[in-house]
Amino acid sequence: MNISFDEITKNALEKQLEKKGKSSIRLVIKGFSWGGPILGVVLDEQHEDDIFESVNGINFVVDAESSFVFEDTKIMHTKSIFGESFKVLTSNNSNSSCK
């Protein structure tokens, strides 16, 4: 996996991990749409069959079956009138988000 994010996103991820007492960010496929898979992030722990990667002090996990989707991933923290969220972009899918 190749995961990238900016400093603002790093701070937001760290804040959420600390707030919920979790150690990892799980990259997930939440569903499918006309544009491809709907991607997201959830706070979780590493499971036995997961692929693990630590980037700039943030631990990421993904199940082995889905890992090919996240080969080149960018995570962005966004704010809008609807609240804060993380947007997950990959070379395979450029328009997915998680609130």
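Everything here concerns the structure above.
Residues numbered from 1 in each chain as written. Predicted model: local features only at pLDDT ≥ 70, side-chain atom pairs only at ≥ 80, totals over all residues. Heavy atoms only, no water.

Visitor: Sorry, what's going on with the overall build of the chain here?
Guide: Each helix and strand counted, the chain has one helix and eight strands in total. Taken against the 2.2 N^0.38 rule, which gives 13 Å for 99 residues, the C-alpha radius of gyration of the chain at 13 Å falls within 12% of a compact globule. For the chain, the spread of C-alpha atoms along the principal axes amounts to about 40 × 35 × 20 Å. Classification of the 99 residues of the chain by burial places 40% in the buried group. Counting contacts in the chain only where the partners sit at least 6 residues apart, residues at least 24 apart contribute 47% of the total. Taken as a whole, the chain presents about 6,100 Å² of accessible surface, with 49% of it coming from carbon and sulfur. (Helix = DSSP H or I, 4+ residues; strand = E, 2+ residues; numbered from the N terminus. Rg over C-alpha atoms; globule rule 2.2 N^0.38 Å. Buried < 20%, exposed > 50% of the residue type's maximum accessible area, 1.4 Å probe, protein only. Contact = heavy atoms within 4.5 Å. Areas by Shrake-Rupley, 256 points an atom, 1.4 Å probe, with all protein chains shown as cover.)

Visitor: Mind showing me how you'd approach the environment of Glu 48 here?
Guide: Along the polypeptide, Glu 48 turns up in the loop between strand 3 (36–44) and strand 4 (50–55). Sequence separation between Glu 48 and Asp 63 is 15 residues; the distance between their C-alpha atoms is 9.3 Å.

Visitor: Mind showing me how you'd approach the sheet that holds strand 2 (residues 24–33) here?
Guide: In a beta sheet, neighbouring strands are held together by backbone hydrogen bonds and run either parallel or antiparallel to one another. Pairing within the open sheet is mixed, and its four strands lie in the order 3-2-5-4. Of all strands in the sheet, those bounded by a partner on one side alone are strand 3 and strand 4. On average, each strand axis in the sheet is tilted by 30° relative to the strand beside it, whichever way the strands run. As defined by bridge partners, strand 4 adjoins strand 5 (residues 58–63) across six bridges and the pair is classed as antiparallel. Counterpart to Ser 54 in the pairing with strand 5 is Asn 59. Along the sheet, helix 1 (residues 7–20) contacts strand 2, strand 3 and strand 5; its crossing angle with strand 5, the most-contacted strand, is approximately 80°. (Pairing = 2+ DSSP bridges. Axes fitted to C-alpha atoms, helices over the stretch in contact; angles between N-to-C directions.)

Visitor: I keep staring at the pairing of strand 3 and nothing clicks. Help me out?
Guide: When strand 2 meets strand 3, the two strands line up antiparallel, connected through nine bridges. Looking across to strand 3, one finds that Ile 25 is bridged to Leu 43. In this structure, the hairpin formed by strand 2 and strand 3 is closed by a connection of two residues.

Visitor: Explanation requested: unusual backbone geometry in the structure shown.
Guide: What you tend to see is this: most non-glycine residues have negative phi, and most peptide bonds are trans. Its identity as a non-glycine residue notwithstanding, Asn 56 has a phi of 50°, on the positive side. Among the structural elements, Asn 56 can be located in the loop between strand 4 and strand 5. Asn 56 sits in the exposed class, given a relative accessible area of 53%.

Visitor: Got a minute to help me understand the environment of Lys 79 in this structure?
Guide: Within the element layout of this structure, Lys 79 appears in strand 6 (residues 72–80). Spatially, the C-alpha atoms of Lys 79 and Asp 44 are 22 Å apart, while their sequence positions differ by 35 residues.

Visitor: I would appreciate a short explanation of a positive patch on the surface in the present structure.
Guide: A cluster of basic residues, Lys 15, Lys 19, Lys 20 and Lys 79, forms a positive patch at the surface. When residues in the positive patch are grouped by element, the largest group, three residues, is from helix 1. Here Lys 20 lies in helix 1. (Patch = residues over 30% accessible without salt bridge, like charges linked within 9 Å, V, L, I, M, F, W, Y side chains within 5 Å. Salt bridge = Lys/Arg side-chain N within 4 Å of Asp/Glu carboxyl O. Lys, Arg positive; Asp, Glu negative; His and termini not counted. Charge placed at Lys NZ, Arg CZ, Asp CG, Glu CD.)

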